[in-house]
Amino acid sequence: MRCGTFRSRGGGYAQVSQARLATTFPVPDDIDDDTALALTLQGQSAWHLLHTVLRVRSGETVIVPAAAGGVGSLAVQLARRAGARVVAMAGSPEKRAFAAELGADAVVDSRSGSLADDLAEAAGGGANAALEMTGGDTLRATMDALAPLGRMAVYGGAVTMESPVNTRELMSTGKSIQGFWLPLLYGKRELLTDAADDLFAAVRSGDLRVPPVTVYPLTEAARAQEDLRARRTVGKVALDPAY
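Treat the numbers as computed from the prediction; the structure is a model and nothing was measured.

Peer 1: Where do I start with the environment of Ser-176 in this structure?
Peer 2: With respect to the helices and strands, the residue Ser-176 is situated in strand β8 (residues 176–179). The class for Ser-176 is partly exposed, based on a relative accessible area of 32%. Along the sequence, Ser-176 and Met-152 sit 24 residues apart, while their C-alpha atoms lie 6.1 Å from each other. In this view, Ser-176 contacts Gly-150, Arg-151 and Met-152; residues no more than four positions away in its chain are not counted.

Peer 1: Help me understand the nonpolar core in this model?
Peer 2: It is characteristic of soluble globular proteins that their nonpolar side chains tend to be buried jointly. Counting residues in hydrophobic clusters, the biggest one holds 45 residues, and the most contacted among them are Leu-50, Val-62 and Val-76. Every element with two or more residues in this core is listed here: β2 (24–27), α1 (33–53), β3 (61–64), α2 (70–81), β4 (85–90), α3 (93–101), β6 (127–132) and α7 (189–205). A total of eight residues in this core trace back to one element, the largest contributor, which is α1. Val-62 has contacts with Leu-50, Val-56, Ala-84, Arg-85, Val-86, Val-87, Ala-129 and Leu-131, leaving out every residue within four places of it along the chain. Grouped together as the second largest cluster of nonpolar side chains are 18 residues, Met-89, Val-108, Leu-146 and Met-152 included.

Peer 1: Help me out: how do you make sense of the pairing of strand β10 (residues 237–240) in this one?
Peer 2: For a regular strand, side-chain orientation follows a simple rule: the groups alternate between the two sheet faces. Bridge count between strand β9 (residues 214–217) and β10: four bridges; the pairing is parallel. Across the sheet, the residue bridging to Thr-214 is Val-237, located in β10. Assessed by its sense of winding, the connection that carries the chain from β9 through helix α8 (residues 221–229) to β10 is right-handed.

Criteria and thresholds
Residues numbered from 1 in each chain as written. Predicted model: local features only at pLDDT ≥ 70, side-chain atom pairs only at ≥ 80, totals over all residues. Heavy atoms only, no water. Helix = DSSP H or I, 4+ residues; strand = E, 2+ residues; numbered from the N terminus. Buried < 20%, exposed > 50% of the residue type's maximum accessible area, 1.4 Å probe, protein only. Contact = heavy atoms within 4.5 Å. Core = buried A, V, L, I, M, F, W, Y, C linked by side-chain atoms within 4.5 Å. Pairing = 2+ DSSP bridges. Right-handed = clockwise from strand over helix to strand, strands pointing away.

Worth remembering: the numbers are spatial, not functional.
See below:
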């Protein structure tokens, strides 16, 4: 029986690392290594963003950014599996086509100069929930596309500009913003194992398709970082010391 782990000790790149027992779990024999790798971090993040933080319900509309990325591609499918209508964002025609292939009901160009209007139109009467990982103008556009009492889960900040939030606006619209970082759950093993079991079940049933993992040699870690920063990758990116 193989084991997966949620992170290496202290982070960084290495050929050998230590892992905390509390953040390891058995990988079933019918789940291949690439799939387990993607589900360990990106899958867990997508699952908990939707179910632990946003508590998405059937019939709701959910906005998913970077819908061709590691977290986004899985979040699109998991939201659909929960019965939600999905509005996906992606920055290239190829990535938008991929998001639609994964099941997104509407797909918006994340680099559009009219992103706020495009999201509002795609969300119809307003989205009930949204994932957010960019900040700045994208966060603002996503907030505007939320319906009253809409919920936002922030799990990243790809841009360095400030993302101010008006507390009076939150009060008057009932909208809420909650941050999320997967390591916050590392001390709650039951939450991690429950999510892992459900993710494995979703793969077995065909409800969840894990995009092929893009693997770089460990010696090309810098190129992997540059490709991620330039948004040239799709799905999970990994480093292999033996490549």
